[in-house]
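Topology and contacts: notes
Next come the chains, spelled out residue by residue.
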Amino acid sequence: MIPPISKILFHHLVNGPHTMSDRLVPDPDGTEELARTLGEMVREKLGRSLSIREVDAGSCNGCELEIHAVNSPVYDLERFGIRFVASPRHADVLLVTGPVTANMAEALQRTYDATPAPKWVVAMGDCAKDGGCFAGSYAVVGGVSAVVPVDLHIPGCPPSPRQILTSLLALLDSVDHAKP
Ligand code: SF4
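Residues numbered from 1 in each chain as written. Predicted model: local features only at pLDDT ≥ 70, side-chain atom pairs only at ≥ 80, totals over all residues. Heavy atoms only, no water.

We now examine a nonpolar patch on the surface. Taken together, the side chains of Phe10, Leu13 and Val14 present a nonpolar region at the surface, about 380 Å² in accessible area. Mapped onto the elements, Val14 comes out in helix 1 (residues 5–15). Look at Val14 and you get exposed, because its relative accessible area is 56%. (Patch = residues over 30% accessible without salt bridge, like charges linked within 9 Å, V, L, I, M, F, W, Y side chains within 5 Å. Areas by Shrake-Rupley, 256 points an atom, 1.4 Å probe, with all protein chains shown as cover. Salt bridge = Lys/Arg side-chain N within 4 Å of Asp/Glu carboxyl O. Helix = DSSP H or I, 4+ residues; strand = E, 2+ residues; numbered from the N terminus. Buried < 20%, exposed > 50% of the residue type's maximum accessible area, 1.4 Å probe, protein only.)

This brings us to helix 2 (residues 31–46). Between its terminal C-alpha atoms helix 2 stretches 22 Å, which fits the 22 Å expected from 16 residues at 1.5 Å a residue. Among all positions in helix 2, only Thr31, Leu34, Ala35, Leu38, Gly39, Met41, Val42, Lys45 and Leu46 are buried. What you see down the axis of helix 2 is that its buried residues fit within an arc of 165 degrees, all on one side. Residues of helix 2 that are buried in the fold lie against strand 1 (50–56), strand 2 (82–84), strand 5 (120–124) and helix 6 (161–173). At the exit of helix 2 stands Gly47, carrying a positive phi of roughly 75 degrees. (Expected span 1.5 Å × (residues − 1). Arc of directions from axis to C-beta. Contact = heavy atoms within 4.5 Å.)

Quick look at the environment of Val175 now. Within the fold, Val175 resides in the segment after helix 6. C-alpha of Val175 to C-alpha of Leu46: the two residues are 129 residues apart in sequence and 9.1 Å apart in space. The residues contacting Val175, other than those within four sequence positions of it, are Lys45 and Trp120.

Another point: the site of the ligand. Residues in close proximity to the ligand include Ser59, Cys60, Gly62, Cys63, Gly125, Asp126, Cys127, Cys133, Gly156, Cys157 and Pro158, which together make up its full environment. When residues of the shell around the ligand are traced back to their parent elements, those giving at least two are helix 3 (62–70) and helix 5 (126–130). Of the residues contributing to the shell around the ligand, the split by class is six nonpolar, four polar and one charged. (Near = heavy atom within 4 Å. Nonpolar A, V, L, I, M, F, W, Y, C, P; charged D, E, K, R; others polar.)

Our next topic: the packing of aromatic side chains. Evaluated as defined, the whole model comprises zero aromatic pairs. Its guanidinium or amino end placed over the ring of Tyr112, Lys119 lies 3.9 Å from that ring's centre, counting from NZ or CZ. (Phe/Tyr/Trp six-rings, centres within 6.5 Å; stacked < 30°, edge-to-face > 60°. Lys NZ or Arg CZ within 6 Å of the ring centre and 35° of its normal.)

Among the seven residues in strand 1, five count as buried, and that is most of the element. Handedness of the β-α-β unit built from strand 1, helix 3 and strand 2 comes out right-handed. Note: strand 1 against strand 3 (residues 93–97), five bridges, orientation parallel. Residue pairing in the sheet places Val55 in a bridge with Val96 of strand 3. (Right-handed = clockwise from strand over helix to strand, strands pointing away. Pairing = 2+ DSSP bridges.)

On to the pattern of salt bridges. Inspection of the entire model under this criterion finds three salt bridges. Arg79 serves as the salt-bridge partner of Asp76, at 3.7 Å between the closest nitrogen and oxygen. Arg79 gets classed as partly exposed once you look at its relative accessible area, which sits at 41%. Note that Arg110 and Glu106 form a salt bridge whose closest N and O atoms lie 2.8 Å from each other.

Inspection of the secondary structure assignment puts Asp92 in the loop between strand 2 and strand 3. Here Ser51 takes part through its backbone nitrogen, which lies 2.8 Å from a polar atom of the side chain of Asp92. (Polar contact = N/O pair within 3.5 Å; in protein donor to acceptor, adjacent residues only side chain to side chain.)

See the structure below:
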């Protein structure tokens with residue numbers, strides 16, 4: 001039998017919602033600290049926020065779910081000065097997921113061309129490296145580097161939010177000049 005709504009509300013009022021239980025433990029895996037360090041490095045290296053344009057070049061959407069996670073209220077990347085933007089013209093980083101499909105190759109090239117220099121391309125996930133489990137398909141051109149130059153690859157299928165943050169940190173660490 002389903003308990004009455006008043007009982008459910010009272011239960012959540014006293015115990016908190018089940019979905020929020022992890023948030024009661026402050027930074028259980030150190031990810032928040034990692035994101036904070038990343039935010040400080042962004043300010044140090046760029047003097048402003050880091051803008052990322054995500055490009056799905058043919059992903060299964062698994063990588064996108066991890067990107068959503070890193071952008072969700074739990075990780076809340078924006079508070080550290082890292083934000084996702086809608087236009088490549090506003091981006092510093094192109095975060096490309098999936099194998100590059102034949103249908104997306106030109107779109108990826110155009111997105112790259114529309115991104116102002118200096119720019120960095122991060123290939124996210126095993127598919128973005130060499131096509132991954134889709135390699136050899138008639139519909140796949142290859143990994144991201146088959147179409148545009150890649151500065152960093154994030155391994156994993158899919159990479160976790162922590163891997164995404166660690167990789168962005170490594171990317172910024174290699175930057176030795178501020179972008180105007
Ligand atoms: S790396 Fe894995 S999760 Fe990401 S697009 Fe490829 S198959 Fe999907």
